[in-house]
Amino acid sequence: NKNVENNIINQITSLGLDIMYESNEGNVGELFRQSTILYALYAEELMYKNNASNWINRDRVVFSSKRTEALYSTLFLSGFNLTIENLKEFNKLNSDVPFYPDVTKKYGIDSVGGTYNSVGMAVGLCYAQRYIESLISKIKPKNKLFNFNTYLVCSSQDLLNGSACEALSFAGDE
């Protein structure tokens, strides 16, 4: 239902705006772009368990942007272990929700690369999955243990970097 989708996207955006207001920083344009993308990813694509974010077979998300207001809002609305109080503490000293999130299974964040690192991180996660699968298939042929996907949320700026081109070239050859 389009109305429900729009309401959820508006909630993500509103929470993100509240986070920006509380922290006194942010980028409204990026928040609006990310809200729609993250809604589609978490509502329609990702395989995850918000109450068991250390589940080994859940989909992986590599988030490139340094603007994480929409990410935290989406995780909160998706039922991860975040509270409104956590969101109010965004980017404050010793906060559970820092500007650059830590890689943590608590919130299902697998990797947050600074600009230019995220593409290589996503390729590395995919390669590691294939490598582990190859080891397991030697023991139990025809048994597929993992079927998770890795998603990369990045900007055009990330893709212009030479290391991103090298990582994508490597991924294409594998």
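Reading the values: rules and limits
Residues numbered from 1 in each chain as written. Predicted model: local features only at pLDDT ≥ 70, side-chain atom pairs only at ≥ 80, totals over all residues. Heavy atoms only, no water. Helix = DSSP H or I, 4+ residues; strand = E, 2+ residues; numbered from the N terminus. Buried < 20%, exposed > 50% of the residue type's maximum accessible area, 1.4 Å probe, protein only. Polar contact = N/O pair within 3.5 Å; in protein donor to acceptor, adjacent residues only side chain to side chain. Contact = heavy atoms within 4.5 Å. Phe/Tyr/Trp six-rings, centres within 6.5 Å; stacked < 30°, edge-to-face > 60°. Lys NZ or Arg CZ within 6 Å of the ring centre and 35° of its normal. Patch = residues over 30% accessible without salt bridge, like charges linked within 9 Å, V, L, I, M, F, W, Y side chains within 5 Å. Areas by Shrake-Rupley, 256 points an atom, 1.4 Å probe, with all protein chains shown as cover. Salt bridge = Lys/Arg side-chain N within 4 Å of Asp/Glu carboxyl O. Expected span 1.5 Å × (residues − 1). Arc of directions from axis to C-beta.

(A) Expanded view of the environment of D96. Structurally, the position occupied by D96 is in the loop between α4 (84–88) and β2 (111–112). On the basis of relative accessible area, D96 is assigned to the partly exposed category, the value being 40%.

(B) Expanded view of the side chain of N57. Summarising the element assignment, N57 is placed in the loop between α2 (28–45) and β1 (60–63). At a separation of 2.5 Å, a polar atom in the side chain of N57 contacts the side chain of N147. Other than its neighbours up to four places away in sequence, N57 contacts M47, L145, F146, N147 and F148.

(C) Main features of the packing of aromatic side chains. Per the counting criterion, the structure on display carries 6 aromatic pairs. Ring centres of Y42 and Y48 lie 5.6 Å apart, and the angle between their planes is 65 degrees; this geometry places the pair in the edge-to-face category. One aromatic cluster is present, formed by Y42, Y48 and F80 through successive ring pairs. The cationic tip of R60 hangs over the ring face of F148; the distance from NZ or CZ to the ring centre is 4.0 Å.

(D) Highlighting a nonpolar patch on the surface. Side chains of Y127, Y131, I132, L135 and F170 sit close together on the surface and give an oily, nonpolar patch of about 450 Å² of accessible area. Per-element tally for the nonpolar patch: the top contributor is helix α5 (residues 118–139), with 4 residues. Checked against the element boundaries, F170 lands in helix α7 (residues 162–173). Using a relative accessible area of 36% as the deciding quantity, one classes F170 as partly exposed.

(E) Up close: helix α1 (residues 2–23). Spanning 22 residues, α1 covers 31 Å between terminal C-alpha atoms, matching the ideal 32 Å at 1.5 Å per step. Looking only at α1, the buried set comprises E5, I9, I12, T13, L15, G16, I19, M20 and S23. Buried residues of α1, seen end-on, are gathered within an arc of 155 degrees and therefore sit on one face of the element. Facing away from the buried side of α1 by over 90 degrees, the exposed positions are N3 and Y21. At its buried positions, α1 is contacted by α2, α3 (69–77) and α4. If you check the start of α1, you find a side-chain oxygen 2.9 Å away from the backbone N of N3, and it comes from N1. Just downstream of α1, N24 is the residue with a positive phi angle, here 65 degrees.

No statement about biological role is implied by the geometric values presented.
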